[in-house]
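# Structure at a glance
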Amino acid sequence: MTNMDIIRPHEKPALGQWIPLSFQHVFAMFGATILVPLLTGLNPSTALFTAGTGTLLFILCTGAKVPAFLGSSFSFIAPLIAVSATYGLSYALGAAMVTGLFYCLIALIIRFTGIGWLDKVLPPVVIGSVIVVIGLYLAPTAMNMASRIDPNNPDTYSLVYLSIAIVTLGITIIANVFMKGFFSAIPVLIGLISGYLFTFIMGLFIPAYAIIDFSIVSNAAWIGFPKFHVPSFNIVPILIFIIVSFATICEHLGDMLVTSKIVGQDFYKNPGLHRTLTGDGLASAWAALWGGPPNTTYSENVGVMAITRVYSVWVIGGAAVIAVFLSFFTKFGAIIQTIPSPVLGGVSILLFGIIASSGLRTIVESGVDYKDKRNLIITSVILVIGIGGGKLAFNITQDLHFELAGIALATVVGILLNLLIPNKTPAKQE
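Below or above, wherever it landed, is the structure these notes cover. All values reported here derive from a predicted model rather than from experimental measurement. (Residues numbered from 1 in each chain as written. Predicted model: local features only at pLDDT ≥ 70, side-chain atom pairs only at ≥ 80, totals over all residues. Heavy atoms only, no water.)

What follows covers the overall build of the chain. On a plain count of helices and strands, the chain comes out with 18 helices and 4 strands. On C-alpha atoms alone, the chain measures out to a radius of gyration of 21 Å, which is about the 22 Å that the 2.2 N^0.38 rule sets for 430 residues. The C-alpha extent of the chain, read off along each of the three principal axes, is 65 × 55 × 45 Å. Counting all 430 residues of the chain, 52% fall into the buried class. When contacts within the chain are restricted to residue pairs at least 6 apart in sequence, long-range pairs at least 24 apart make up 81% of them. Surface summary for the chain: the accessible area is close to 19100 Å², and the carbon and sulfur share equals 68%. (Helix = DSSP H or I, 4+ residues; strand = E, 2+ residues; numbered from the N terminus. Rg over C-alpha atoms; globule rule 2.2 N^0.38 Å. Buried < 20%, exposed > 50% of the residue type's maximum accessible area, 1.4 Å probe, protein only. Contact = heavy atoms within 4.5 Å. Areas by Shrake-Rupley, 256 points an atom, 1.4 Å probe, with all protein chains shown as cover.)

What follows covers helix α13 (residues 299-308). Each full turn of the α-helix corresponds to 3.6 residues, which orients residues three or four apart in the same direction. Every buried residue belonging to α13 is among Asn301, Val302, Val304, Met305 and Thr308, and all of these are buried. The arc that holds every buried residue of α13, seen down its axis, measures 155 degrees, which confines them to one face. Where α13 is buried, its residues contact α1 (15-40) and α11 (235-263). A positive phi of about 60 degrees marks Arg309, the residue just after α13. (Arc of directions from axis to C-beta.)

Residues Phe74 and Phe352 are the most contacted members of the largest nonpolar core, which totals 106 residues. When residues no more than four places from it in sequence are discounted, the contact partners of Phe74 are Ala32, Leu35, Val36, Tyr298, Leu351, Phe352 and Ile355. (Core = buried A, V, L, I, M, F, W, Y, C linked by side-chain atoms within 4.5 Å.)

Take helix α2 (residues 44-61) next. For α2, with 18 residues, the first-to-last C-alpha span of 25 Å sits near the 26 Å given by 1.5 Å per residue. Counted residue by residue, α2 has 15 buried out of 18 residues, so it is predominantly covered. Capping the start of α2 is the job of one residue whose side-chain oxygen sits 2.9 Å from the backbone nitrogen of Ser45: Asn43. (Expected span 1.5 Å × (residues − 1). Polar contact = N/O pair within 3.5 Å; in protein donor to acceptor, adjacent residues only side chain to side chain.)

Quick look at the structure:
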């Protein structure tokens, strides 16, 4: 195979090419997939297991026609953290599981009605603003990890932690901007490894940097099962996740459009958007059932396909199988858990900023006109409520407390404003 060869989705490469091509996709998804559980209190090995099995489930749902790897979703970091803090991790997983099934309901509606209604309820001005909120809502989390020994205690500021975060961030940026070819698709992995090595080497000479604890590695067995959690269910966390999922559903639409353009096939029509969304939803519900974060199609792996021009579903499936195998190496999972907080913080500064910037990109590329007071009002209110910590809370019964806050409340308010404020701009003629 030469660089100019194209391997179509249904084609299977020779074994000698198949394995290294699959490993490329494992490297591409690895950094982001393990980062989400590390930030949200979940187990990285479990995330690898659910990412691999979820990808295989997606391939099954789409009739092996769409080359897409599903990994941990960054858009659900904020609700995972918020719901876990208020209700407990099991309730966050339960909400994520129901949300995955909600995807399937939306897929069924799209199957019979199309996506016109979704465009009206969630136009770019709402979706873009909500995505900005998702990124900036997480900004304090990134800075606390980057500069505090105890992220929840502002009095534990550490210049050592900040220096580690700066080095990690700097290397991640350099990798993202200057790396070529396949390496340009794995800046997060490069940043995590580099920050880890910097901390380890500095710790050999300066005691203040000796913050990596290898005891968890020495105590771990070589082979074992990932750590699984049992979901619990409560109506309030479920509503929070479902509301946030409207933005992630629109992200799915965008991912499938980009993948279609790169591969040169219209996946909206074949196998159909309803089938890709069902695959995404079932993969997320499956992940939450086992204690993993909700899944989403990964742009990192789309980037690898664009570079290599290898679109084979067999290669993606091979990467999924490799991820599942890695999840059972307990010692490997323990090493991942020794990644220092400031290393995660340094990478998160860039990643959370990229999430917010992607929201701005959605607004700009969609041509949202802020000379129109309607658009200005909608974005302004969404940003202040979402970033400012807006909250709607009351008791339904003595035992049932309802609370809608942050991103979820901002999304609801944005949808209502979009539906209630008259749109005086005439529709564009096709």
